[in-house]
Amino acid sequence: MKISALIILCVSLLLTGCEVGYKNDGTIVTFHSWNEGSGHNVKNVDADPKSFEAIDDCYGRDKNHAFFRGNIITNSDGRTFRTLKKGFAADKRYVYTGEGEIIPGADPNTFKVHSYALVEDKNDFYWEGKPLKVVDKATFKVLGDNDNWDTKWAKDSKMGYYLPSATSVKLADPESFHPIKAGIAGSGSYSADAKQVYFEDKVVFGADPGSFTEVDYYVGQDKNRVYNEHIPTKVKDYKKLEKVGQMMYSDGYTIYDSDFEILPDADASTFKHIAHIWYRDKKHVWHGTRQLKDVDVESFTPLRIVNSGSDFNYGKDKSHVFFTDSIIEGADVETFEKRDIGGSWCVFDRNRIYSGDSVRWQNYMKTEYKKK
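The notes below deal with the structure included here. (Residues numbered from 1 in each chain as written. Predicted model: local features only at pLDDT ≥ 70, side-chain atom pairs only at ≥ 80, totals over all residues. Heavy atoms only, no water.)

The sheet built from four strands is open, its strands ordered 15-16-17-18 with antiparallel pairing. Two strands bound the open sheet, and with one partner strand each, they are strand 15 (141–142) and strand 18 (167–170). Note that strand 15 and strand 16 (residues 153–155) share two bridges and pair antiparallel. Note on strand 16: the bridge partner recorded for V142 is A154. (Pairing = 2+ DSSP bridges. Helix = DSSP H or I, 4+ residues; strand = E, 2+ residues; numbered from the N terminus.)

Next up, the structure:
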């Protein structure tokens with residue numbers, strides 16, 4: 001169940017057993033809070049004491065503004081401000097989410113709260129404060145628990161709605177439209193009807209709805225092939241792939257990148273992950289999908305950083321220093337290093353500083369290499 005940050009915050013303050021909320025002595029309004037780290041905290045509120053009233057431990061209002069935990073809610077009208085269910089609030093002009101953000105286009109006079117995530121007015125439905133621009137309100141339906149963070153889809157008589165991004169896609173067969181079960185927690189971006197498969201707000205052209213499944217985050221599979229989001233790939237069977245490092249796959253014969261594109265020139269039998277996004281086979285070295293030129297494979301290694309392991313972007317072989325896939329001309333292989341002094345990174349060799357130039361590093365180099 002998804003609970004708004006507002007409710008969690010206000011309830012947690014009450015559970016502390018300490019006196020929290022607003023105080024008004026007729027001269028100044030203050031907001032009182034408490035936490036385990038700093039204890040009791042007091043904040044002056046920019047409110048008019050004569051007209052101020054506390055609505056609850058989080059919300060207050062005066063003749064000019066509404067307040068959330070002592071802060072002015074921008075553009076609010078204090079005289080007409082009121083709280084609603086599930087942490088929402090409204091005044092004569094706007095509807096607000098639990099943290100005081102305006103819900104674009106929402107009508108305060110016809111606003112209805114269905115859950116912490118789903119609300120509506122006379123014109124539209126809204127999911128987590130975002131307008132869905134529903135085409136047919138009378139047939140709109142959330143496909144799942146309307147207050148569950150796992151719920152991703154809704155529909156009406158014409159459209160499918162991907163709730164996290166508040167986007168929509170025209171359906172081929174609305175009656176049979178349904179979410180496809182998520183392959184892993186937090187996913188669930190695929191859906192289908194009897195005729196088509198959908199990824200968020202896009203049609204997955206050519207996909208077979210009857211056999212389509214989600215096999216990984218943003219990865220789909222039908223009886224014919226693997227799909228990267230809505231794009232068909234050259235991979236036939238995801239189950240035959242083995243992850244290599246952070247961003248490559250192997251089926252034993254071919255190396256694929258994270259988009260399931262073939263990595264040119266890669267020898268699957270000798271292809272290995274070195275560190276981070278560095279890879280090599282018997283003849284080549286790659287920084288991600290970019291192949292290094294004029295590199296000695298046998299002697300190549302990512303740059304070692306003292307007490308930090310391997311570097312993401314710098315590497316060297318017996319003759320050259322590389323930044324990603326490019327040779328740093330003139331760099332001294334023997335003394336080239338990346339080091340942290342007092343939280344400041346610097347890349348240098350005995351001849352010069354390449355990044356992080358400062359007086360502190362210049363003095364360090366003079367001492368280290370006895371340069372004047």
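So, next bit.
Here four strands make up an open sheet; going across it, the order is 19-20-21-22 and the pairing antiparallel. Among the strands making up the open sheet, the edge pair consists of strand 19 (178–179) and strand 22 (202–203). Here strand 19 runs beside strand 20 (residues 190–192); their pairing, made up of two bridges, is antiparallel. Its bridge partner lying in strand 20, P179 is registered against S191.

Ranked by internal contacts, the top residues of the largest apolar core, which has 13 residues, are W127, L132, F140, V142, Y161 and L163. For this core, the secondary structure elements donating two or more residues are strand 13 (125–127) and strand 17 (159–162). Once residues within four sequence positions are removed from consideration, L163 is found in contact with W127, K130, L132, V142, T151, K152, W153 and A154. Among the nonpolar cores identified, the runner-up in size contains ten residues, and V244, M247, I255 and Y279 belong to it. (Core = buried A, V, L, I, M, F, W, Y, C linked by side-chain atoms within 4.5 Å. Buried < 20%, exposed > 50% of the residue type's maximum accessible area, 1.4 Å probe, protein only. Contact = heavy atoms within 4.5 Å.)

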